[in-house]
Each structure stands twice: as structure tokens, then as C-alpha cells.
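Here is what each chain is made of, one letter per residue.
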2 protein chains.
Amino acid sequence: MLTISQLASYAGVTVRAVRHYHAKGLLAEPKRDRSGYRRYDAAAVVELIRIRTLADAGVPLSRVRELLAAGGEEFAAAVADIDQRLRGEIRERQRHRERISQLAAGDSLALPPVAVAYLDRMRDFGFRERLIEIERDSWILIAAQIPEQVPAFMAIKHAQIEHETLRRLYLDVGDLVDCAPDDPRLPALADRVADFLEAAAAEAAAAEEQQPISDDLIALLDAAFVQSFPCATRLLELLEERGWTGWTNIRRKEPEARWRIGDRTGKGLPDPH
Amino acid sequence: MLTISQLASYAGVTVRAVRHYHAKGLLAEPKRDRSGYRRYDAAAVVELIRIRTLADAGVPLSRVRELLAAGGEEFAAAVADIDQRLRGEIRERQRHRERISQLAAGDSLALPPVAVAYLDRMRDFGFRERLIEIERDSWILIAAQIPEQVPAFMAIKHAQIEHETLRRLYLDVGDLVDCAPDDPRLPALADRVADFLEAAAAEAAAAEEQQPISDDLIALLDAAFVQSFPCATRLLELLEERGWTGWTNIRRKEPEARWRIGDRTGKGLPDPH
DNA sequence: TCCAACTATGACCCAGCGTCAAGGTCAAGA
DNA sequence: TCTTGACCTTGACGCTGGGTCATAGTTGGA
């Protein structure tokens, strides 16, 4: 008669595994000797090897019993099932490999290549790194919500950044990214933004109407902007004085505002569902 | 400010996952409102999306923090590491697929094709199914211990089974597989076995010396034989009377026997290590 | 005011064992 | 005979990535 460690070593498994199989009901508990030790016969070795053979072939322990008892057809069906699971797991890892290599290639997480290209273009033009990070985070949010619309928006953004007047305006916004709310340059900047919007109002409105974004996302993006840009609240106030409201989706102020940027009460961010 | 479910749905994860990331220290706990509810800002959404992006690429959570903080080089190194792990997991599943398909092809678990062929040959010759099962179990044990020697032994067995006199002897052993220990045919069978051994002694000894098997394995195989063959003990006794000892490795009885077949005291099966 | 939907914490669950912990047993050497 | 080291026993926690209750407090709209 064999002790548990002899049994285990004959079958090439650990003692712990044998006990585990007992606990799972895969291997019958043998009789005990007078001191309570398990004592096995040769048949137990054969059974344990059969269990291991299945387990080593990727059969989950929960199905081992079924397969040990199965005849040809059931066995084949179960094997087909397990093989399908294995293929699924392989495909999953392969997708993971693709994704992770893309992450390693791009310099920024969770962004499509077009967006990374846009951020690089901003660097080319000498935008401040802080502002680029704010942009990056905005696009992470957008890509997470409406990934299919990102290319269209990126096309607009690329056009905008190549537009000299607009680019200078952006650059100047970037220069004030860390300024205090009472910075004297803010009102002048607000004037320029308002002037530009007046000049390009029709054009901008048309572009924005093309792809409507949900209010939720706009509110989230505005909130992100305000949080990472200390004097943003002040700038938005100045713009409101000049008849414009919002930032992500800036538009002429209407008589009654339905939501406000920087609103921290939660009203501006209803459940997106 | 966002509630946890709003945060979760913006990032496309479950509330439970968010709390799990808090518990793991991946996502900073936000401030609470007066009722103890977590309140998030837009930056938390970005951070959560970054975490999900990594997790969705197969990065284990335990490494996510490291990768979020990593610069280009460290990131690349970590990615290479993770990719290697993924490849290993893929290879493992592929091996599993191979093994399991082999199991589905062969009619018996844990046996190499040569052994399956031998068992089929036994069926051709009309051996009893019980005896075939005993053979199968023996070969499972052998294949588990010394897989590399199985083909050599199988060659011997194939030769033996094609040898008519020997085959008839085996067949008659098989016919007595379920007999009682006092069956009158047993002594006659023992005589025939002894006679055959006398005649083929030199030959058999030479064949067995070729590939020595460990005493442990021989004892295990003999024990398996005795357990599944009720009158085996009696048959072995009769053979001992005729000057032969053992079964798996049957040989002339020596003046002092170092181990005995069917010995249930454990002495015959020392730790194989 | 009530109810549905949310939030909080805590705990158990899955696989397949590895790894202590704490104590009992056994065989052999001094 | 005592000791020592190698076994044996059960029980419990750990890992991964959360899912799924359970119980209780909160919120918001009708």
C-alpha cells in the first residue's frame, strides 16, 4: 500500500494536488490506516494519472469527472467544447498582444493615432506641454465615448490648428494656462476670442451642427477644462459678459441657460444612460 | 461632480471594478460628500480610462500602476515582459489543444499510440476485455514512469503476442481472470507457464536484461496485477512452488526472496525517490 | 411621503493549487 | 529510550479580477 506522497510521485503530481482532487471529488478517498494516514492501491495511481492527463490537456477540473466516465461520443463532444474554449482564450491573448504593442508604439495611452498626430502637431507649433496634456485628456474622454466620431473631429481640429489666426489664439490661451484669475491679460484674450467667434460664427455653427455631441460629454469636457485650467472660470465669465457661453461647444448665450460650465452641483452631469 | 456609477459608465466599467481599483490602490480614493458617497472629477474619468486601457490589453492589475507612471523606456521594457508572458500563455493553450486532440483521437487516455495498437491487437486475437483493461492500466503506469522506454517494451510485447504458443498461454491466463483461487485449472496453467519459462529461459533473460526497470515500478505493476486479478495470488504461489517468482519481472526463485508479490505491508513499495 | 434607484461596507464565490501553521506519527540512529 | 527528521493530518489564507449577495443608509422624483 502506498502513502500519499508515494502515490503523488508515481503520478508526477504534488501531494497538495492529490488532496485537492479528493476535496473536489475527482479521486475517491482511500481507506485510512490506524493513524489516519491515507493508504492507496495501484488502481489509485492509474486513476490519478488519468486525471492528470486530462488536466494537463487543459481540461478544467470541474469537467474531469465527466470526461473520465464518458464514452466515445460524449468525450468527443466535450473535447470539442474545451477546444473551443482554448481557441477563445488564445484569440483573447492575441488581441491583448496587438493592443499592448499598439500602446507601446503610440506615445500616449488610450488614444487613436490621429489624435496622437494632432498632439504632435501641437508640439511642432510650440504649444505648452500643460495645454497639450489638457488636450490629450479631452481626447481620451472623447475617444472613450464616441470613438467612431474621433476621426471626423480630428479633421476639424487639424484644419483649425493650421489656420494661423486661430492657432495664435490657441497659443495665447495656452500661455495663460497657469495664470491667476485676475490676470490683466484675460479680458483682452476674451475680447479676441469673442471677436473671432463673431467673424466665424456661421462657419463654426455649421461645423458643429454636423456631428452633435451629447450634453453629458460636453459637460464632462468643460468640467475637465475648468479643473485643469485655474483661470478658466474667469475666462468663461468674461466670455459670458461678451455674449458667449460654454467652451467645448461655445455658442451665443441664450436668455435662459440650461446648464453652466464649472457647475459642481452635479446637475450638469446627469447619468449618461 | 460625478457619482461612482456615472464615473463607471463614462469609462465603460462596472461600479464593482471601480471599487476594486480603489482597494488595489490603482485609482485614488476621491473625497466624499456629506453622506459618505464618493464624488469624482473629470480627471478621475481620464485616469480610470487609462487603467482600463491597460487592463484591456492584458496588463495584470498589479503592474498597471507601474505602467501608468512609466516613461518610454520603462514602459517598453514592461510591455516586452508582458508580451512574453502572453506568448507563453498562448503556447501553453496551443499545447493543450494538441494534447486534447490526441486524447480525442486515441481510444484510451494517457497511452501512446503504440500501446493503443497493442491493445487493439489483443482485441483482434479475442482476449477478454477485462484482461485488456488490466494490460491498459499496466501500460498507463509504465508510460507515466518511463515513457521513453515504452516503444522498446512494446516491440517485445508485439513480438510475444504474435508468438503462437505464448499467445495461447496469455489467452488462457485471460480466461481465468475472474476464476476463484481454488479453480482446478490454475495448477495446470502454472505448469504450462513454468514449462514455457524453462524452455525460453535464456532468451527471456536476455530480453529483460536489456532494459532494467526499477524495482519500485515492478512492485507497483505486480501489485496492480494482483489487485485486479482475484486468483493472481494463488497463481503466483503455484509458480513459486515451481521455482519461479514475480510476474512482471518473473525469474527463478533465489534462496532468499528480497520482496514478495502481493505484499501489502508497504515494504515492497519504498519511496520511488 | 413614499418608492425606486443609488450608495456604502463586508463577505463569500470562481480555479488550481502553493504555502504556512500547528500538531500527530513513524522509523532510525545514539 | 530519546531524539531527530521526514511524513502525515486538517484548516486557513493567498493569488486574479472582479460577480454577487446581504444589510443598511441616501437621494431624487412623483
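See the structure printed just above.
We now turn to the structure provided with this report. (Residues numbered from 1 in each chain as written. Chains lettered and ligands numbered in written order. Predicted model: local features only at pLDDT ≥ 70, side-chain atom pairs only at ≥ 80, totals over all residues. Heavy atoms only, no water.)

## Side note on the packing of aromatic side chains
Convention followed: Side-chain rings of Phe, Tyr and Trp, where Trp is taken by its six-membered ring, are said to pair if the distance between their centres is within 6.5 Å; with planes under 30 degrees apart they count as stacked, over 60 as edge-to-face, and otherwise as tilted. Each helix is a run of H or I in the DSSP string that is no shorter than four residues. Each strand is a run of E no shorter than two, and both are numbered from the N terminus. Burial classes follow relative accessibility: with a 1.4 Å probe on protein chains only, a residue under 20% of its type's maximum area counts as buried, one over 50% as exposed, and anything between as partly exposed.
Applying the stated criterion across every chain yields a total of four aromatic pairs over all chains. With a centroid separation of 4.8 Å and 5° between ring planes, the pair formed by phenylalanine 225 of chain A and tryptophan 247 of chain A is classed as stacked. With a gap of 22 residues between them, phenylalanine 225 of chain A in helix 11 (residues 215-228) and tryptophan 247 of chain A in the loop between strand 1 (244-245) and strand 2 (251-252) connect regions that are remote in the sequence. The class of tryptophan 247 of chain A is partly exposed, set by a relative accessible area of 22%. Judged by centre distance (5.1 Å) and plane angle (85°), the ring pair of phenylalanine 225 of chain B and phenylalanine 229 of chain B falls under edge-to-face.

## Notes on the pattern of salt bridges
For the record, the criterion: Salt bridges, as used here, are contacts in which a Lys or Arg side-chain nitrogen is within 4 Å of a carboxyl oxygen on Asp or Glu.
Summed over all chains, the structure comprises 55 salt bridges over all chains. Of the charged contacts in the structure, one is a salt bridge between arginine 252 of chain B and glutamate 198 of chain B, with a shortest N-O distance of 3.1 Å. Of the two residues, arginine 252 of chain B sits in strand 2 (residues 251-252) while glutamate 198 of chain B sits in helix 10 (residues 185-210), which places them 54 residues apart along the sequence. Across the pair arginine 242 of chain B and glutamate 241 of chain B runs a salt bridge, and its minimum N-O distance is 3.8 Å. Using a relative accessible area of 24% as the deciding quantity, one classes arginine 242 of chain B as partly exposed. Taken together, the salt bridges that share partners define one network made up of Glu29, Arg32 and Arg38 of chain A.

## Comments concerning the packing of helix 4 (residues 61-69) of chain B against helix 5 (residues 72-105) of chain B
Packed helix pairs are characterised by how far apart their axes lie and by the angle those axes make with each other. Residues and elements named next belong to chain B. Inclusion rule: For helices, the axis comes from a line fit to the C-alpha atoms of the stretch in contact; other axes are also lines fit to C-alpha atoms, and the angle between any two N-to-C directions lies between 0 and 180 degrees. An angle below 35 degrees is read as roughly parallel, one above 145 as roughly antiparallel, one from 65 to 115 as roughly perpendicular, and any other as oblique. In this scheme the crossing of two helices becomes right-handed for a clockwise turn of the near helix relative to the far one and left-handed for an anticlockwise turn of less than a right angle. Any two residues whose heavy atoms approach within 4.5 Å at even a single point are treated as in contact. Each residue gets one label: Ala, Val, Leu, Ile, Met, Phe, Trp, Tyr, Cys and Pro are nonpolar, Asp, Glu, Lys and Arg are charged, and the others, such as Gly, are polar.
At a closest axis distance of 9 Å, the pairing of helix 4 and helix 5 adopts a crossing angle of 155°. Considering their axes alone, helix 4 and helix 5 lie roughly antiparallel with respect to each other. Crossing angle aside, the handedness with which helix 4 passes helix 5 is left-handed. Between helix 4, through Arg63, Glu66 and Leu67, and helix 5, the contact on the second element is made entirely by Phe75, Ala78, Val79, Asp81 and Ile82. The residue inventory of the contact of helix 4 with helix 5, partitioned by class, reads five nonpolar, no polar and three charged.

## Looking at the relation of the copies chain B and chain A
Put simply, the test is: Overlaid copies result from least-squares superposition on C-alpha atoms, with residues included only where pLDDT is at least 70 in both.
Superposing chain B onto chain A takes a rotation of 180° plus a shift of 0.0 Å along the axis, which leaves an RMSD of 0.1 Å. The relationship between the two copies is best expressed as a two-fold rotation axis. Considering only C-alpha atoms, the part of chain B nearest the rotation axis is isoleucine 90 of chain B, at 2.7 Å. Looking at chain B, 98% of its interface residues are interface residues in chain A too, so the copies touch through the same face.

## Quick look at the interface of chain B and chain A
We count it as follows: Accessible area that two parts lose when put together, evaluated with a 1.4 Å probe and summed over both, is termed the buried area.
Taken together, the contact pairs 56 residues of chain B with 56 residues of chain A. In total, about 5300 Å² of surface goes out of reach between chain B and chain A, with carbon and sulfur atoms giving 68% of it. Our enumeration of links across chain B and chain A arrives at six salt bridges. For aspartate 83 of chain B, the salt bridge identified is with arginine 97 of chain A, shortest N-O distance 2.8 Å.

## Description of the protein's contact with DNA strand D
The following threshold applies: A single heavy atom is enough: if one lies within 4 Å of a molecule or strand, its residue is considered near that molecule or strand. By the criterion applied in these results, polar contacts are pairs of N or O atoms within 3.5 Å in which, for protein atoms, one can donate a hydrogen and the other can accept it, and in which residues neighboring in sequence qualify only through two side-chain atoms.
With respect to spatial proximity, 21 residues lie near DNA strand D, and among them Ser5, Arg19 and Arg38 of chain A together with Thr14 and Tyr37 of chain B are the closest. Of what DNA strand D places within 4 Å of the protein, 72% of the atoms are sugar or phosphate. At a separation of 2.3 Å, a phosphate oxygen of DNA strand D approaches a polar side-chain atom of arginine 19 of chain A. Measuring from a phosphate oxygen of DNA strand D, one finds a side-chain N or O atom of threonine 14 of chain B at 3.0 Å. Among the secondary structure elements, those contributing two or more residues to the surface near DNA strand D are helix 1 (4-11) and helix 2 (15-24) of chain A together with helix 2 (15-24) of chain B. Residue contributions to the surface near DNA strand D peak at four residues, all from helix 2 of chain B. Taken together, the residues of the surface near DNA strand D break down into seven nonpolar, six polar and eight charged.

## Side note on helix 12 (residues 232-241) of chain A
Residues and elements named next belong to chain A. The condition that has to hold: This arc is built from the directions going out from the helix axis to the C-beta atoms.
Regarding helix 12, the residues found buried are Ala232, Leu235, Leu236, Leu238 and Leu239. On an axial view of helix 12, the arc spanned by its buried residues comes to 155°, and they lie on one face. Just downstream of helix 12, glycine 243 is the residue with a positive phi angle, here 95°.

## Some thoughts on the nonpolar core
Here is the rule: Residues belong to a common nonpolar core when they are buried Ala, Val, Leu, Ile, Met, Phe, Trp, Tyr or Cys residues joined through side-chain atoms within 4.5 Å.
Among the nonpolar cores identified, the biggest contains 85 residues, and Val18 and Leu54 of chain A are the most heavily contacted of them. Core analysis: the second largest hydrophobic core is formed by 84 residues, Leu176, Leu220 and Leu221 of chain A together with Tyr10 of chain B among them.

## With respect to the packing of helix 6 (residues 113-124) of chain A against helix 8 (residues 150-162) of chain A
Residue and element names in this part refer to chain A. Put simply, helix 6 and helix 8 touch, their axes get as near as 10 Å, and they point 15° apart. By the angle class used here, helix 6 and helix 8 are roughly parallel. Crossing of helix 6 over helix 8 shows left-handed handedness. Taken together, the residues of helix 8 that come into contact with helix 6 (itself represented by Val114, Ala115, Ala117, Tyr118, Arg121 and Met122) are Val150, Met154, Lys157, His158, Ile161 and Glu162. Looking at the contact of helix 6 with helix 8 residue by residue, the classes come out as eight nonpolar, one polar and three charged.

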